[in-house]
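The lines below spell out each chain.
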Amino acid sequence: MALKALATGSTAQGSISSAANTSIFTHSSSTYAVVTKNQTDQGTGGFVILDISDPDNPTIVSEITDSTTGTNDDANNDWELLNGALDVETVIIGGVPYAVIAQRLDTASSAGGFTVVKLTDSSENITSTSPSVVKQVKDGEAFAGSLNAALSNLAAISTQTIGSTTYLFTIGTNGADKGTFQAYDLNKLISNDNTALIKQIEDNDGNVRIDNPTDIATNIVGDIVYAYITSERETGATLSYLESLSFDPSTSIISPDTSGIRSFSDWDFFASASITNGSKLFWLFSEEKGDNSETHLYNFEVTDGLASYPAGYRDNVKSTSSSVTLDDVNQLSSLTLNGKYYYIAPNSGSTNKGVEAIEVNMSDGTLTSEGSIAIDGTTDIEGATFSSLDGATDFASFSIGSSVYGLVTAKTDQAIQIVRLVHASSLSSATYDFSTGTLIVTGEDLLAKSGANNDIVVSKLTLTGEGSNTYTLTSSNVEIDSATQFTVTLNAADQLQLAGLLNKDGTSSGGSTT
């Protein structure tokens, strides 16, 4: 069963400046997305809130842009940590939606940090003016316990909820220029509690290798949070590293794994994503050659929360394969559709402006490329055009009713494209019995729809026969017999036409047309 994307709605090109990362949430029966604007200059950057409840017509509800009252970011003034906005997480706490916007900078005027945003107004509505700053944390801010925020070059953030507490995990750099993983209590950040920074661990060039971090993925096993961190090479170094850490909220202890996963010489690790079916968990990460000429994706099985190497390594996909295009993959994500599991890789480079899909066999972790499911400027299987995929950067799936969609941010087009995800069945053979007027068609992954006589739209079937002539059937629609077969009893008009078209037993007509 092939995964396909159907083009639905998009915003106008240029409507979201440098559209980067996205996070999706629901509130008051509506579905919304927060998309960051990744611009670094003072007075630029920020985020937009989109209502995507109607995927055919996504609308921008609110747009917030970095504010400046001087030459340097000031966390005491609202909206001053939005230039350089990159990663975003949304959470619901006490029925209220919040967003955390990460600022990835490390300059004299912008040290890096994050902003916690309440997305609703006092009436719990989301409007153009409803977003408000709850808490801004700048690199170096002091917390209780002699801990300081390590948010320079804040590469990525992640959230997890255990019980009534939501935790925020950050991966940035501290004042000593060491990669640092930090765990915050987001509930306490919202209430401006100085004990919100719980624990941290920094790179030590030994059993913790998180310098120059690029991404973080987290999951929960039991009541333990596991974090998987990718990084790129330090200046002058030949190796980059993967690191897995565990955080136990009951003891506030962060423990490193000792797997020591290293890159090939002169390669960098970038994006990562995880996927689970409830019994097995896999972690995918991207590795890119230093000259950007080649990209590999590696899939690891995660046991007891931590990825083991090399025993945990299951499969890989490489850009050198003709079945997949991987061009500047900065983000990875995952989704489930009709019992099948996929990794999604947006291509932000110039050679393939679109989205790749890779199916995961959850029994053994093997990967099968589905190829490009959406390419900028091309049409889908129903003829609609993908209009806003140039610079595809991030992908997030969501559901409306029984349909599954994906929102793709496009940094170059400065817009978002929404696609509907479907499985396309395939047909392999057909047998016609002239004496009974019965056409039996076989295939794979034929889907049954609710309702009577609507599984197969017979008028979409065209047959080719004598003289390479074609005929499109007019008989009534039918139900499938099984996932691999359906049967059509043709009406008199169709039988008459096929008598001349299919005029010989076997696989070819009297004139040798097959």
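Before reading on, note that the structure itself is shown above.
Residues numbered from 1 in each chain as written. Predicted model: local features only at pLDDT ≥ 70, side-chain atom pairs only at ≥ 80, totals over all residues. Heavy atoms only, no water.

1. Focus on the pattern of salt bridges
Oppositely charged side chains may form a pair once their charged atoms are brought near each other.
(1) Moving on: Counted according to the given criterion, the structure contains nine salt bridges.
(2) Moving on: A salt bridge links Asp-390 to Lys-353; the nearest nitrogen and oxygen atoms lie 3.6 Å apart. Residue Asp-390 is located in the loop between β29 (367–375) and β30 (392–400), and its partner Lys-353 is located in the loop between β27 (340–346) and β28 (354–360); the two are separated by 37 residues in the primary sequence.
(3) Moving on: For Lys-353, a relative accessible area of 28% gives the class partly exposed.
(4) Moving on: When salt bridges that share partners are traced, they join Arg-233, Asp-266 and Asp-268 into one network. (Salt bridge = Lys/Arg side-chain N within 4 Å of Asp/Glu carboxyl O. Helix = DSSP H or I, 4+ residues; strand = E, 2+ residues; numbered from the N terminus. Buried < 20%, exposed > 50% of the residue type's maximum accessible area, 1.4 Å probe, protein only.)

2. Here we look at the sheet that holds β28
(1) Moving on: What the four strands build is an open sheet, ordered β26-β27-β28-β29; its pairing is antiparallel. Single-partner strands in this sheet number two, and they are β26 (333–337) and β29. Within the sheet, the average angular offset between the axes of one strand and its neighbour, ignoring direction, is 30 degrees.
(2) Moving on: Inspection of the sheet shows β27 paired to β28 by six bridges, in the antiparallel sense. Its bridge partner lying in β28, Tyr-342 is registered against Glu-359. (Pairing = 2+ DSSP bridges. Axes fitted to C-alpha atoms, helices over the stretch in contact; angles between N-to-C directions.)

3. Focus on the sheet that holds strand β4 (residues 46–51)
(1) Moving on: Strands sit in the order β2-β3-β4-β5 across an open sheet of four strands; the sheet is antiparallel. The outermost strands of the open sheet, each flanked by one partner alone, are β2 (19–27) and β5 (59–65). Mean inter-strand twist for the sheet, computed between neighbouring axes without regard to direction, equals 20 degrees.
(2) Moving on: Relative to strand β3 (residues 30–37), β2 runs antiparallel, the two sharing seven bridges. Pairing of His-27 across the sheet is with Ser-30, part of β3.

4. Side note on the nonpolar core
(1) Moving on: Residues Phe-114, Phe-143, Tyr-184 and Leu-189 are the most contacted members of the largest nonpolar core, which totals 21 residues.
(2) Moving on: Of all the secondary-structure elements, those providing two or more residues to this core are β6 (85–93), β7 (96–103), β8 (113–118), β12 (152–162) and α1 (186–190).
(3) Moving on: In terms of residue count, β7 provides more of this core than any other element does, four residues in total.
(4) Moving on: Counting residues in hydrophobic clusters, the runner-up holds 19 residues, among them Leu-3, Leu-337, Phe-395 and Val-419. (Core = buried A, V, L, I, M, F, W, Y, C linked by side-chain atoms within 4.5 Å.)

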